[in-house]
Amino acid sequence: MTIQIEAIKAFSDNYIWAVHDGRHCVIVDPGESSGTLAFLDRHQLRLAGLLLTHHHHDHVGGVDEIRALHPAPAWGPDDPRMPRSLRLVGEGDSVAIDELDLAFSVLETPGHTTSHIAFHGHGLLFCGDTLFSAGCGRLFEGTPAQMQDSIDKFAALPDSTRVYCAHEYTESNCSFARKVEPENPALAERCEQVAELRKHDRVTLPSTIGAEKSFNPFMRTRDRAVISAAQRREPGRADSPSAVFGVIRRWKDAG
Ligand code: ZN
Ligand code: FE
């Protein structure tokens, strides 16, 4: 069987991503254990490893319970707030999962948290709470400049890269993005598609890097229309991509 990627829903809007070949499985960001344990059981999968992007409870809350029943390595950033017994990884490190013949490279993507990381390989990106479709993570610990740099790392990946975000925030992100770029046809199309998917409670992910570049304001801080919107919102402030980023992020946070 080829590799399949399935979303395990958790809490109100988290996705725990399961990457499997019908025999072995890698789980990304298990914020709670029950859905993952049931998934492994139902599909009779052996756990080959856990990939962890950052320390927030809705991403690591299930790690210990899952590993107690399915001993497997877990990879994550070097941060005392993370669960114990991790294989610590940082920028440029490679995570090899031999059972699935997969290898992911690690990108450090500070902004949402200072030690946030993402995993990239085989045309897949697991970006945790750094990038969302049509949006990005809140800046809990980092600066707009850090988050702009992190998202620039994603922008440098091939357009076809499939983006697996950790939350279903796409619909509300689309409504905000339309305030920034009311005349972007790619955004209008994405909003329409997302409204239809959500009406039927369907997952709006994965997205792709190419698609996000066409409608996600946080990937478009060098675009004329986004710069103008930021300048109207905070006159005199939006004089660099990261300043534009900061204006747009503050605008979104203001609701
Ligand atoms: Zn988070
Ligand atoms: Fe989260």
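In this text, all values refer to a predicted model and were calculated from it rather than measured experimentally.

What follows is about the layout of surface pockets. Looking at the largest pocket, its volume works out to about 170 Å³. Lining the largest pocket we find 13 residues, and of these Phe132, Cys136, Gly137, Arg138 and Tyr169 sit closest to its centre. For the lining of the largest pocket, the secondary structure elements donating two or more residues are helix H5 (170-180) and helix H9 (241-253). Classifying every residue of the lining of the largest pocket gives four nonpolar, five polar and four charged.

A separate point is the coordination of the zinc ion (ligand 1). Binding of the zinc ion (ligand 1) to the protein goes through His54 (NE2), His56 (ND1), His112 (NE2) and Asp129 (OD), at separations of 2.2 Å. Every donor counted, the four donor atoms about the zinc ion (ligand 1) form angles of 89 to 172° at the centre, which fits irregular coordination. Donor residues for the zinc ion (ligand 1), ordered by position in the chain, follow H-x1-H-x55-H-x16-D. In this structure, the zinc ion (ligand 1) lies 3.2 Å from the iron ion (ligand 2), and both are coordinated by Asp129. His54 sits in the buried class, given a relative accessible area of 0%. Residue classification places His56 among the buried residues on the basis of a relative accessible area of 18%.

This brings us to the coordination of the iron ion (ligand 2). Surrounding the iron ion (ligand 2) are the protein donor atoms Asp58 (OD), His59 (NE2), Asp129 (OD) and His167 (NE2), which sit 2.1 to 2.3 Å from the metal. Geometry at the iron ion (ligand 2) is irregular, judged from its four donor atoms and the angles of 85 to 167° they form at the metal. Between the donor residues of the iron ion (ligand 2), the gaps in sequence give the motif D-H-x69-D-x37-H.

Overall, the coordinates contain 15 salt bridges when judged by the stated rule. For Lys153, the salt bridge identified is with Glu91, shortest N-O distance 2.8 Å. Placement of the pair is Lys153 in helix H4 (residues 144-155) and Glu91 in the loop between strand S6 (87-88) and strand S7 (94-97), with a sequence separation of 62 residues. With a shortest N-O distance of 3.2 Å, Asp223 and Arg220 are connected by a salt bridge. Members of the salt-bridge network, linked through shared partners, are Lys9, Glu168, Arg198 and Asp201.

Moving on to the nonpolar core. Counting residues in each nonpolar core, the largest one holds 49 residues, and the members touching the most others are Leu51, Ile97, Phe119, Leu125, Phe126, Phe154 and Ile248. Of the residues forming this core, the biggest block, five residues, is contributed by H9. Excluding residues within four positions of it along the chain, Ile97 makes contact with Val26, Ala48, Leu51, Trp75, Leu102 and Phe104. Of all hydrophobic cores here, the second largest spans 20 residues; its members include Ala18, Leu40, Leu47 and Leu52.

Tallying each qualifying case throughout the model produces seven aromatic pairs. A ring pair is formed by Tyr15 and Trp17, whose centres lie 5.5 Å apart and whose planes are at 50°; its orientation type is tilted. Neither Tyr15 nor Trp17 differs from the other in exposure class; each is buried. Ring centres 5.6 Å apart and planes at 85° place the aromatic pair Phe176 and Trp251 in the edge-to-face group. In this pair, Phe176 sits in helix H5 while Trp251 sits in helix H9, placing the two residues 75 residues apart along the sequence.

Once that is clear, we can look at the sheet that holds strand S8 (residues 102-108). Reading across from one edge, S7-S8-S9-S10-S13-S14 is the order of the six strands in this open sheet, with mixed pairing throughout. Among the strands making up the open sheet, the edge pair consists of S7 and strand S14 (207-208). Bridge count for strand S13 (residues 162-165) against S14 is two bridges, and the pairing is antiparallel. Residue pairing across strands places Val163 opposite Ser207, the latter belonging to S14. Packing of H4 onto the sheet brings it into contact with S8, strand S9 (117-121) and strand S10 (124-128), and relative to S8 it is tilted by some 150°.

Conventions and cut-offs
- Residues numbered from 1 in each chain as written.
- Chains lettered and ligands numbered in written order.
- Predicted model: local features only at pLDDT ≥ 70, side-chain atom pairs only at ≥ 80, totals over all residues.
- Heavy atoms only, no water.
- 1 Å grid on protein atoms, 1.4 Å probe; cavity = no way out; pocket = protein on both sides within 12 Å on 5 of 7 lines; lining within 4 Å.
- Points joined across faces, edges and corners; volume = space filled by probe spheres on them.
- Helix = DSSP H or I, 4+ residues; strand = E, 2+ residues; numbered from the N terminus.
- Nonpolar A, V, L, I, M, F, W, Y, C, P; charged D, E, K, R; others polar.
- Donors = N, O, S within 2.8 Å, 3.2 Å for Na, K, Ca; no water.
- Tetrahedral: all angles 85-135°; square planar, octahedral: opposite > 155°, others 65-115°.
- Buried < 20%, exposed > 50% of the residue type's maximum accessible area, 1.4 Å probe, protein only.
- Salt bridge = Lys/Arg side-chain N within 4 Å of Asp/Glu carboxyl O.
- Core = buried A, V, L, I, M, F, W, Y, C linked by side-chain atoms within 4.5 Å.
- Contact = heavy atoms within 4.5 Å.
- Phe/Tyr/Trp six-rings, centres within 6.5 Å; stacked < 30°, edge-to-face > 60°.
- Pairing = 2+ DSSP bridges.
- Axes fitted to C-alpha atoms, helices over the stretch in contact; angles between N-to-C directions.

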